[in-house]
Amino acid sequence: MEAVLELLRRLVEFLGGVGPVLFGIVLLLVAPYVDRLLVRRKRIGFRVLYNSKIGLGPEQHNGGADPAEHGPPQLRQVARLLDRMSMVVIRIRNSGSYDIDPDDFERPLSFTFGGRLVWNARVSDASTGELRERLREGLAFFPDEGTPAKDGLVTVRQRLSDRMARWLGASSQGQPQGQDAEPAWHGVRLDGLRLKRGEKAKLVVVLREANSGDGDLTKVVGHTGKLKDAGLIMDERENRRVTLPRVTVALVIALSAVLVLSQLSTPRNPTVACVPGSLRIVGSTVFIPAMQAVADEYEKACGGDSEIATEPTGSIEGVRRVMEAGANAGLVAVADGKSKDHDRLYAGKLAIVTYHVAVNSGVGLNTLSVDDLRKINSGAYANWNQLRDDKTSLPIRIISRDQDSGTRQLYEQQVLRTGENVLSSNECLEKDRNPAAPVIRCERQGNPDVIRKISTVPGAIGYADEPALAAARKAGTITALTLDGKAFDASTAVRAGYPFWTVEYVYTKERPAAGSLAAAFLEFARSHALAQVRLSSAGFDPCVTKEGLEEACELR
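> Give me the lowdown on the state of the cysteines, citing residues and values where you can.
Tallied over the full model, the rule gives three disulfides. Here Cys274 connects covalently by a disulfide to Cys302, the sulfurs 2.1 Å from one another. Because the torsion about its S-S bond is -90 degrees, the bridge between Cys274 and Cys302 counts as left-handed. You can see Cys274 sitting in the loop between helix H6 (244–264) and strand E11 (277–283) and its partner Cys302 sitting in the loop between helix H7 (288–301) and strand E12 (306–312), a full 28 residues away along the chain.

Written out as structure tokens, the structure is:
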């Protein structure tokens, strides 16, 4: 699906971008109106409303007798006459935007009826009486298409009585007439047609089949005529599949769909080296949330072609997985500080991570010495009344990380210079696991769990990264201690002597191959501005800055 969306996005770019496509949609929407109002400003529409027998034919009466075969001679003549007669009703209207004058016609509008003979005609339902009279005067009847129309409606009406008389057996003078005396008008022309905008009228034509035999009545109605310039005469009953409005609507729908769907695809960032594929990042529970944010930025910049997953396993477990994985496993580990397997893996530095020793706010202290922390770990100090002026008894309860934690490893290496004491407690309140232990000490899997325990257990002390402590410090439930009265400053990291900080390392089995997703993503995470913003907003100082490599990152 992402590939389809990306293709649509590129199509929009090929068409000039969102703006030109929107402009094209607008032009398509107004095209039918432009065609009607400007290009084909003058239009005549007609529609055949009725084309069938007059409706009076031989009906059987008196036990099934057919009047065309039985009854008086004159009745039989009338029945045969009506059986071959039909009527056509045509509505004619000005469907354009401007008035139509006789001079607008290149050829006048004419109608033929498939060889049927015109017997009579009339104009009805005209918009105005004036229009009705103009149409009546302009009707001209012709024998064949292309033959001059000499006879008007008056002539047709005059000859109607002669026709009827002949069919009833006598002429207007009382003598029968021959067939050659009957005029043969096959069509009607609307000469001098003048229609104001919106005007309409109906032309009613009475017809008779040219032959007097049996058979189906003719249904053909043809028309000729042409308006000058771009004018249009159209049969409104024709079911044309391809029309300008239908084409424009279809194009509008198609372009709108392309435009909307293309916006669902995230455009690629040209400053990012995008490589399709999948990658998995494991390791530090402290740093994995920041890596997930960086991975999201990479996927967004690359339009979703890459899939990067993260798993907070702990630094030690993460490095162990990379050690056990194959060279092309697509696995990356992030670790708090330099791993013991550092020299057996490919490593890179990402950011500076600062940690704090923190106590429950009820302890009432703001600083401890490193020596004090070592004595707390050994059990030499087991109560806070040994370290503060308030001599009220308050047991020291140590909240530690589990053995796979890089944070714990850093605390043991940089602060305690030895391992933590024995595990003696489950809930961090008393020595319920090991009553003989010198300290009350429990373990939790992640820094957020450690912070929650420190906040709620009286006399608790523990350690966590600075970003994780921020909310609890703001809430006033814990206090982040300075060590020997010192806090971390990246610009004076060595001179300040604050020990509890490290560099976040990234490890892969081997150096990622050029052009691989691992190589592209790690370069993005180390040096791209988008990644640096994510790391900084998470509370970490990127090792690579605009000025180059951060000096403190070279120290560990």
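And the narrative resumes.
> Can you tell me about the sheet that holds strand E7 (residues 187–190), naming the residues and giving the values?
If you trace the five strands from one edge of the open sheet to the other, you get E6-E5-E7-E3-E9, paired in antiparallel fashion. Looking at which strands have only one partner, the edges of the open sheet turn out to be strand E6 (151–152) and strand E9 (222–227). As defined by bridge partners, strand E3 (residues 105–112) adjoins E7 across four bridges and the pair is classed as antiparallel. The residue bridging Thr112 from the neighbouring strand is Gly187, located in E7. Where helix H4 (residues 129–138) meets the sheet, its contacts fall on strand E5 (139–142) and E7, and the angle it forms with E5 comes to roughly 25 degrees.

> Describe the packing of H7 against helix H15 (residues 529–537), and please don't skip the residues or the numbers.
At their nearest, the axes of H7 and H15 sit 9 Å apart, and the two run at 150 degrees to each other. The angle between the axes of H7 and H15 places the two elements in the roughly antiparallel class. Handedness of the H7/H15 crossing: right-handed. Contact residues: Ala290, Ala293, Val294 and Glu297 in H7; Leu530, Ala531, Arg534 and Leu535 in H15.

> Just give me the short version of helix H11 (residues 447–456), but keep the residues and values in it.
Within H11 the residues assigned to the buried category are Asn447, Val450, Ile451, Lys453 and Ile454. Buried residues in H11, looked at end-on, bunch into an arc of 165 degrees, giving them a common side.

> Tell me what's going on with empty space enclosed by the protein, and back it up with residues and numbers.
The full count for this structure, using the stated rule, is four cavities of 30 Å³ or more. Considering only enclosed or pocket space, the largest cavity measures out at about 100 Å³ in volume. In this structure, the largest cavity is lined by Val357, Leu373, Ile376, Asn377, Ile398, Tyr411, Leu416, Glu420, Ile461, Gly462 and Tyr463. Sorting the residues of the lining of the largest cavity by element identifies helix H9 (370–378), helix H10 (406–416) and strand E18 (460–465) as the ones contributing at least two each. The class makeup of the residues in the lining of the largest cavity is eight nonpolar, two polar and one charged.

> Just give me the short version of the pairing of E5, but keep the residues and values in it.
Both faces of E5 are covered, namely the face carrying Leu139 and Phe141 and the face carrying Ala140 and Phe142. Alignment of E5 against E6, held across two bridges, turns out to be antiparallel. If you follow Ala140 over to E6, its bridge partner there is Gly152.

> Tell me about H7, and please be specific about residues and values.
Across its 14 residues, H7 extends 20 Å between first and last C-alpha, which sits within 8% of the 20 Å expected from 1.5 Å per residue. For H7, the full list of buried residues reads Ile288, Ala290, Met291, Ala293, Val294, Ala295, Glu297, Tyr298, Glu299 and Ala301. Buried residues along H7 sit against E11, E12, strand E13 (331–336), strand E14 (346–360), helix H14 (517–527) and H15. Positive phi shows up at Gly303, right after H7, with a value of about 70 degrees.

Cut-offs and rules
- Residues numbered from 1 in each chain as written.
- Predicted model: local features only at pLDDT ≥ 70, side-chain atom pairs only at ≥ 80, totals over all residues.
- Heavy atoms only, no water.
- Disulfide = S-S within 2.5 Å.
- Helix = DSSP H or I, 4+ residues; strand = E, 2+ residues; numbered from the N terminus.
- Pairing = 2+ DSSP bridges.
- Contact = heavy atoms within 4.5 Å.
- Axes fitted to C-alpha atoms, helices over the stretch in contact; angles between N-to-C directions.
- Parallel < 35°, antiparallel > 145°, perpendicular 65-115°, else oblique.
- Left-handed = near helix turned anticlockwise from the far one by under 90°.
- Buried < 20%, exposed > 50% of the residue type's maximum accessible area, 1.4 Å probe, protein only.
- Arc of directions from axis to C-beta.
- 1 Å grid on protein atoms, 1.4 Å probe; cavity = no way out; pocket = protein on both sides within 12 Å on 5 of 7 lines; lining within 4 Å.
- Points joined across faces, edges and corners; volume = space filled by probe spheres on them.
- Nonpolar A, V, L, I, M, F, W, Y, C, P; charged D, E, K, R; others polar.
- Expected span 1.5 Å × (residues − 1).

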